[in-house]
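Letter by letter, the chains look like this.
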Amino acid sequence: MLAASWAPLSPAERAVAIEVLTHGPVSRTEIARKLNLSAGSLTRLTKPLIESGLLVEDPAPVTVTTRQGRPSQPLDIVADSRYFVGFKITEDAVYGVVTTLKSDIVATRTLPLHTHVPDDVAALLHTMTEDFALSFPRLAGIGVGVGGHVQGRTGVVASPFLGWENVPFAELLEQRTALPVVVENDVAALVEAEAWFGAGRGLDRFAVLTIGAGIGYGLVIGGQLVRTPDDSRGIGRRWIIDPHGPLTPDGDRGSVVSLLAIPSIRYQVRAATGRDHTYDEILTLAAAGDPMAARVVAEAGRALGTVVAQIANFAMPEKILLAGEGVGLVDVAGPAIRSALHANRHPLADPVAMETKISDFNDWARGAAVLAIQILVLGAPKD
């Protein structure tokens, strides 16, 4: 199953490969300008990348011409030269995707997760990888995204959803698949994917706020995800919006999690009405004017507007992406969100550039595959 890999890239070669990967097809002239390289240096750097099959010269010339007046052939990534598997592990299912080198999803599969025993989970992912390999034999690596604190992209230190502590999951999966494996916090993986190939592409400062079973946050500055020792430690539970706000089932009061997370919103409605509703049903009831659902959703909207304003005030990103399976809230609670944004921003501040994306679990799995592309192909730093 193991596909041949490329030779390790030098820092300069990696910079060229990333430029083509995230912006290609792109002319040599543009690459040289952005990376401050001479034509000779660029030729020297691209030659081994083309010979290895990572880059290709597009036969269609671009409009930029050389000083001699000849059309410049753009460079592009050979997208289908290798494929990558990405997994998103939730409490009750595993979502798997296969992507090209450009992160385009070409296959998906979902299987229920009946156990959280690490060996059994690794065995299930091995089975899914074998199935993918039947149609995509040139698999080059695997990325795994989990909700939890991950150290060194190899071991899950803590995952409340899975009950894991100090699990060397990458090693468990590598032993079964004979493929290199990268394990990462799922939010970090999603942010990396959006920064390279999605809403944050080409931006210097970019933030992502995810709304779902929990609350996630990531910040990109200078094209790099900002990392701290507190990554993936569940800061949403200590991000207090209203100290007199609602409780979660775990007893947190007024935090981002208690106000915005899907389980918390469902809990509030159930506690008030005695009836259990899905998240989508609550949004539908709120839109139709149901008093209790409308109150809970409006409160969540005010919390979301406050959080977005705080991110804009302190991180000053060029764009904030709201992602995750819970962002349908934006369509229903728009007035409350806008009111809170206005109340928490300077009157003369520029409008917040905000984009929403309802991310299903295949998008999260794609994020894990992008981490595999970064680490295993381009040699991005592991920490």
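Residues numbered from 1 in each chain as written. Predicted model: local features only at pLDDT ≥ 70, side-chain atom pairs only at ≥ 80, totals over all residues. Heavy atoms only, no water.

Bringing the overall build of the chain into the picture now. Scanning the chain from N- to C-terminus turns up 13 helices and 15 strands. Computed over the C-alpha atoms, the radius of gyration of the chain is 22 Å, within 12% of the 21 Å expected from 2.2 N^0.38 for a compact globule of 383 residues. On the principal axes, the C-alpha backbone points of the chain span a range of 70 × 55 × 35 Å. Buried residues in the chain amount to 51% of all 383 residues. Within the chain, contacts between residues separated by at least 24 positions form 62% of all contacts whose residues are at least 6 apart in sequence. When the accessible area of the chain is evaluated, it comes to approximately 17400 Å², of which 53% is carbon and sulfur surface. The positive charge centre, built from 33 side chains, and the negative charge centre, built from 41, are 5 Å apart in the chain. (Helix = DSSP H or I, 4+ residues; strand = E, 2+ residues; numbered from the N terminus. Rg over C-alpha atoms; globule rule 2.2 N^0.38 Å. Buried < 20%, exposed > 50% of the residue type's maximum accessible area, 1.4 Å probe, protein only. Contact = heavy atoms within 4.5 Å. Areas by Shrake-Rupley, 256 points an atom, 1.4 Å probe, with all protein chains shown as cover. Lys, Arg positive; Asp, Glu negative; His and termini not counted. Charge placed at Lys NZ, Arg CZ, Asp CG, Glu CD.)

Further remarks concern the pattern of salt bridges. Taken as a whole and assessed by the stated rule, the structure comprises 15 salt bridges. The partner of Glu19 in a salt bridge is Lys34, with the nearest N and O atoms 2.9 Å apart. Separated by 15 residues along the polypeptide, Glu19 in helix H1 (residues 11-23) and Lys34 in helix H2 (residues 28-35) bring together distant segments of the chain. A salt bridge links Lys102 to Asp76; the shortest N-O distance between them is 2.8 Å. Here Lys102, found in the loop between strand E4 (93-99) and strand E5 (105-112), pairs with Asp76, found in strand E2 (residues 75-77); they are 26 residues apart in sequence, far enough to count as distant. Overall, the relative accessible area of 12% leaves Asp76 in the buried class. Taken together, the shared-partner salt bridges connect Glu184, Glu192 and Arg227 into one network. (Salt bridge = Lys/Arg side-chain N within 4 Å of Asp/Glu carboxyl O.)

Moving on, we come to the packing of helix H8 (residues 262-273) against helix H10 (residues 291-315). Angle between the axes and distance between the axes: these two values describe a pair of packed helices. H10 packs onto H8 with a crossing angle of 150 degrees between their chain directions and a minimal axis gap of 10 Å. Taken together, the axes of H8 and H10 are roughly antiparallel relative to one another. In this structure, H8 meets H10 at a crossing whose hand is right-handed. Here Ile265, Gln268, Val269, Ala272 and Thr273 of H8 lie close against H10, whose contacting residues are Met292, Val296, Glu299 and Ala300. Its residues placed into classes, the contact of H8 with H10 shows 6 nonpolar, 2 polar and 1 charged. (Axes fitted to C-alpha atoms, helices over the stretch in contact; angles between N-to-C directions. Parallel < 35°, antiparallel > 145°, perpendicular 65-115°, else oblique. Left-handed = near helix turned anticlockwise from the far one by under 90°. Nonpolar A, V, L, I, M, F, W, Y, C, P; charged D, E, K, R; others polar.)

Spatially, E13-E12-E11-E14-E15 is the arrangement adopted by the 5 strands of the open sheet, whose pairing is mixed. Each edge of the sheet is formed by a strand with only one pairing partner; in this case those strands are strand E13 (224-225) and strand E15 (354-358). Examined bridge by bridge, strand E11 (residues 205-211) and strand E14 (residues 319-324) share 5 bridges and lie parallel to one another. Its bridge partner being in E14, Leu209 is matched across the sheet by Leu322. In the packing of H10 onto the sheet, contacts are made with E11, strand E12 (215-221), E14 and E15, and the angle to E11 comes to roughly 160 degrees. (Pairing = 2+ DSSP bridges.)

Next up on the list: H8. Given 3.6 residues to a turn, an α-helix orients residues that are three or four positions apart in the same direction. Between its first and last C-alpha atoms H8 spans 17 Å; for 12 residues at 1.5 Å apiece the expected length is 16 Å, and the two agree. Taken as a whole, H8 has its buried residues at Ile262, Ser264, Ile265, Gln268 and Val269. Where H8 is buried, its residues contact helix H7 (256-260), helix H9 (279-287) and H10. Phi turns positive one or two residues past the end of H8, at Gly274, with a value near 80 degrees. (Expected span 1.5 Å × (residues − 1).)

One pass over the full model with this rule turns up 5 aromatic pairs. The cationic tip of Lys88 hangs over the ring face of Trp364; the distance from NZ or CZ to the ring centre is 5.0 Å. (Phe/Tyr/Trp six-rings, centres within 6.5 Å; stacked < 30°, edge-to-face > 60°. Lys NZ or Arg CZ within 6 Å of the ring centre and 35° of its normal.)

All we've got here are geometric facts, nothing functional implied.
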